[in-house]
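Structural overview for review
If you want the building blocks of each chain, they are given just below.
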Amino acid sequence: MPDTPEPHVSVTLAEIARIAGVGRAAVSNWRRRHSSFPRPVGGTDTSPQFSLSQVEEWLRAQGKLGGDGGARERLWPRFEALGDRELMGLAIAAVGARAGGAGGPAGPAASGPVHLPVDVELSGAQEQAVEQAVRLAEQDGVAETFGFLLGRWLGTHVRQITTTPEPLAALMAELAELVGGGPGGERSGGGPWTVLDPACGVGGLLTAAVHRWGASGELRLSGQDHDPVLVDLAAARLALTPVPEPEAGRAGGARRGRKGAAAPGRPRTTELRLADSLREDGPAFRGEADVVLCNPPFNERDWGHAELATDPRWVYGHPPRTEPELAWVQHALACLRPGGTAVLLLPPAVASRRAGRRIRAALLRAGALRAVVALPPGAAPPHGVALHLWVLRSPAAPAAAGTDLLFVDAAQNQPGRTAGAPAPAGSGTAGTTPGPAGKATLDWAVLSATVLTAVRAHCAPDAERGAAAGPAGLPGTKAVPVIELLDEQVDLTPARQVPVAAPVAGPGLGESWSRFDGVLDELRAAAAGLSPLSLSREAGENPASQGPATVGELARAGALTVHAGQSPADGVVRDAASAAVDGAVPYLTVQNLLLGGAPAGRVSHADAAKGRETGSLTVTEPTDVVVIGSSRVFNAWVDTGGPTVLGPQIHALRADPSVLDPWFLAGCLRAPANARQAGTHASATSRIDVRRLQIPRLPLAEQRRYGEVFRRLASFEDLLREARGLGTELARGLSDGLAAGRLATENRGSGNN
């Protein structure tokens, strides 16, 4: 085969910054200061493209080439240059297969060569990218290199490929074991513990199954998908997923433990195939799976309604054309052995659409549907929708219709908005707003504990759970007799079945009023300190003032320095639930502020220190003034709770304390009039040019006098927000209680009428 010329690979300024391990601002400075910096080879003036080979040569000559992370960053553009989603994905799968079969220094090799379900011939460009990745994997580790490439590929095609977040996949696996028992429990027949995902995608749910049951004995993983790229990626991913070590003192190792190499006593087989599970599924999996975990495609109208009209899987009724999700539900049940368990992630409309009411009723009568869990928005894509988990069990014997169905409204137990940075002006209500960043705002530890506690109590024998310990005693949960659900609608939406938990009802009412009264007392005291203040009729009447100065002018004079926020490299930011690191530093983004919440991401202390040293992260210091450069959430405050890692469009102003008082600086900068004159006004959502913001020129002593007032004003605003939040909580809780007819005979302050 003749040598294939190396394809042209271009990179952006942001990619150059990641390769060098610095911020984008540093790369822009290199372009201005070094005439030898490579010239653009494409792109536009605002988004130029540079030759990767020229950039590597220049960085190497300047001694600026990044370390291990830079090697991976240099590798990714070679895959991105392949252009097509399918070409990139197949090449990444080939990396996992070839490097996994050869092993590496950072982990054990897969047990023998890794065979991909879809055998394709790679092009010359693909082969070159794969060879470079395999060489890097020999140095950096197979799992690390493959994981980096897979993560980048998924991030690039996030709108085309739906994945199940790792915490949700782990929750689904644990739910299946809780309802149906684990490998060590009683089940009919022998053989390996079999887990099936009929819409496996890149294998996220099957990976969770390995983590859950990989150490418990012989495990058989089965998966299908109609996309050849996803099937190959899933095969490579599972081959590189290590079997966890069993926890000490736990028989059978049924729980997750430490990850380690595959041991001969814990064999694992993986069977993945390219197929449309609804149309092409044969009898191979039917009636054999112990567990089915599935995140099926939503709202697919062309799923085979007509051609599958007489399919034997439709035990509970032929799914209407508009109910493809109910076809997946029945397919999952058909694949289970008697007593097996299935957990499916479904859109909320499946629980209430009129077209599916007969199938829902049949599932209830047979006792196949055991629980419906409503997740809060942001738990999984699409992030703006509150998806449902359906927990099903294949009936081992005909069930009586008098059993009950568990409903869990997990959104009721999600923590509300927490106090972080001061809320931006005009941020609206304190509640969170669904959006693309909703995933980051979830507390997965609370969410998982809520769901598992409710299901565990519901699954316990009647003699053990009792009224106090059962679901009836848990907020956001309710067990409803099946007979009460078999009406005209058969509506299985948890929000319509579970009473809203009123935090101010019953014994908590007095406590909530006490907290509210306490905040009002503090608010009155703060108002008493501010009300005597008087303002001059005209601006600039202060004889000590020398006129306004812009932030840019102050920076040029050395009175302060401006540090722009940056986008961290991949893998640096973790969500709060997984970043259980001592000293983890919050990562604040504009999106967090748009959602009305505190920083949700976390950066380890070591990464923050390294980023501060190299300039790749913007980390605040005590008394830094944080300024938001977006007009929608414009604000400024003194970061007394720092350090904080700042994202794009957020700036840290570091003032010289001998020249500027930070509280005076923050108070002047956040004035609404200041934002109007410094806005770009290029669109409806203008940006704020931080360097054009103005503050009056005052002596330091006068600044401190103003700064103390600004400090008290900031405290007053915090108390106002807290009072509004508590008042809203009280009003809503009381409204729910009154609407439910829970008004007691004796009421606080009501007197005798």
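Residues numbered from 1 in each chain as written. Predicted model: local features only at pLDDT ≥ 70, side-chain atom pairs only at ≥ 80, totals over all residues. Heavy atoms only, no water.

**Looking at the overall build of the protein chain**
- The helix and strand tally for the protein chain stands at 25 helices and 25 strands.
- At a minimum sequence separation of 6, the contacts of the protein chain that also span at least 24 residues come to 75%.
- Just so you have it, the protein chain exposes about 35,100 Å², and 51% of that area is on carbon and sulfur atoms. (Helix = DSSP H or I, 4+ residues; strand = E, 2+ residues; numbered from the N terminus. Contact = heavy atoms within 4.5 Å. Areas by Shrake-Rupley, 256 points an atom, 1.4 Å probe, with all protein chains shown as cover.)

**Observations concerning the sheet that holds strand S24 (residues 650-655)**
- Spatial ordering of the open sheet is given by S16-S24-S21-S22, a layout of four strands whose pairing is antiparallel. The two strands at the open ends of the sheet, each matched to only one other strand, are strand S16 (560-564) and strand S22 (636-638). Averaged over all neighbouring strand pairs, the angle between strand axes comes to 20°, with direction disregarded.
- Where S16 and S24 come together, five bridges link them in antiparallel fashion. Looking at S24, one finds that leucine 560 is bridged to alanine 655.
- Where helix H23 (residues 662-669) meets the sheet, its contacts fall on S16, strand S21 (625-628), S22 and S24, and the angle it forms with S22 comes to roughly 165°. (Pairing = 2+ DSSP bridges. Axes fitted to C-alpha atoms, helices over the stretch in contact; angles between N-to-C directions.)

**Details of the sheet that holds strand S2 (residues 42-43)**
- One open sheet accounts for three strands, arranged S1-S3-S2; its pairing is antiparallel. The strands lining the two open edges of the sheet, one partner per strand, are strand S1 (10-11) and S2.
- Of the strand pairs in this sheet, S2 and strand S3 (residues 48-51) are connected by two bridges, and their pairing is antiparallel. In the sheet register, glycine 42 faces S3, and the bridge partner there is glutamine 49.

**Notes on the side chain of glutamate 325**
- Here glutamate 325 shows up in helix H12 (residues 324-335).
- In this structure, glutamate 325 is in contact with Pro297, Phe298, Asn299, Leu346, Pro347, Val350 and Arg353, ignoring residues within four places of it in sequence.

**Quick look at the environment of glycine 529**
- Along the chain, glycine 529 turns up in helix H19 (residues 508-530).
- Taking C-alpha positions, glycine 529 is 9.2 Å from valine 709, a pair spaced 180 residues apart along the chain.

**Details of helix H1 (residues 13-20)**
- Buried residues dominate H1, accounting for six of its eight residues.
- When H1 is considered as a whole, its buried residues turn out to be Leu13, Glu15, Ile16, Ala17, Ile19 and Ala20. (Buried < 20%, exposed > 50% of the residue type's maximum accessible area, 1.4 Å probe, protein only.)

**Let's talk about the side chain of serine 51**
- Residue placement: serine 51 occurs in strand S3.
- A relative accessible area of 6% places serine 51 in the buried class.
- A polar contact is formed between the side chain of serine 51 and the side chain of serine 53, at a distance of 3.1 Å.
- Beyond its immediate stretch of four places on either side in the chain, serine 51 contacts His8, Val9 and Val41. (Polar contact = N/O pair within 3.5 Å; in protein donor to acceptor, adjacent residues only side chain to side chain.)

**As for the confidence of the model for the protein chain**
- Put simply, the protein chain has an average pLDDT of 80, and 79% of its residues get 70 or more.
- Across the protein chain, the element-wise mean pLDDT spans from 42 in helix H14 (residues 438-441) up to 96 in strand S12 (residues 388-393).
- Considering only residues more than four positions removed or in separate chains, one finds that residues 416-440, a stretch of pLDDT under 50, has 42 contacts. (pLDDT = per-residue confidence, 0-100.)

**Structural notes on a nonpolar patch on the surface**
- Where nonpolar side chains cluster on the molecular surface, the patch consists of Leu734, Leu738 and Leu743 and spans about 290 Å² of accessible area.
- Positionally, leucine 743 belongs in the segment after helix H25 (700-739).
- For leucine 743, a relative accessible area of 59% gives the class exposed. (Patch = residues over 30% accessible without salt bridge, like charges linked within 9 Å, V, L, I, M, F, W, Y side chains within 5 Å. Salt bridge = Lys/Arg side-chain N within 4 Å of Asp/Glu carboxyl O.)

**A few points about the packing of H1 against helix H2 (residues 24-33)**
- Contact geometry for H1 and H2: axes closest at 8 Å, N-to-C directions at 105°. By the angle between their axes, H1 is roughly perpendicular relative to H2. Seen from H1, the contacting residues are Leu13, Ala14, Ile16, Ala17 and Ala20; seen from H2, they are Arg24, Val27, Trp30 and Arg31.
- Classifying every residue of the contact of H1 with H2 gives seven nonpolar, no polar and two charged. (Parallel < 35°, antiparallel > 145°, perpendicular 65-115°, else oblique. Nonpolar A, V, L, I, M, F, W, Y, C, P; charged D, E, K, R; others polar.)

**With respect to the nonpolar core**
- Leu168, Leu175, Val195, Trp213, Leu293, Leu389 and Val451 are the most contacted members of the largest nonpolar core, which has 46 residues in total.
- In contact with leucine 389, not counting residues within four places along its chain, are Leu168, Leu171, Met172, Leu175, Val343, Leu344, Leu345, Ala371, Val372, Val373 and Leu375.
- Counting 41 residues, the second-largest nonpolar core is a separate cluster that includes Val329, Cys335, Ala351 and Leu363. (Core = buried A, V, L, I, M, F, W, Y, C linked by side-chain atoms within 4.5 Å.)

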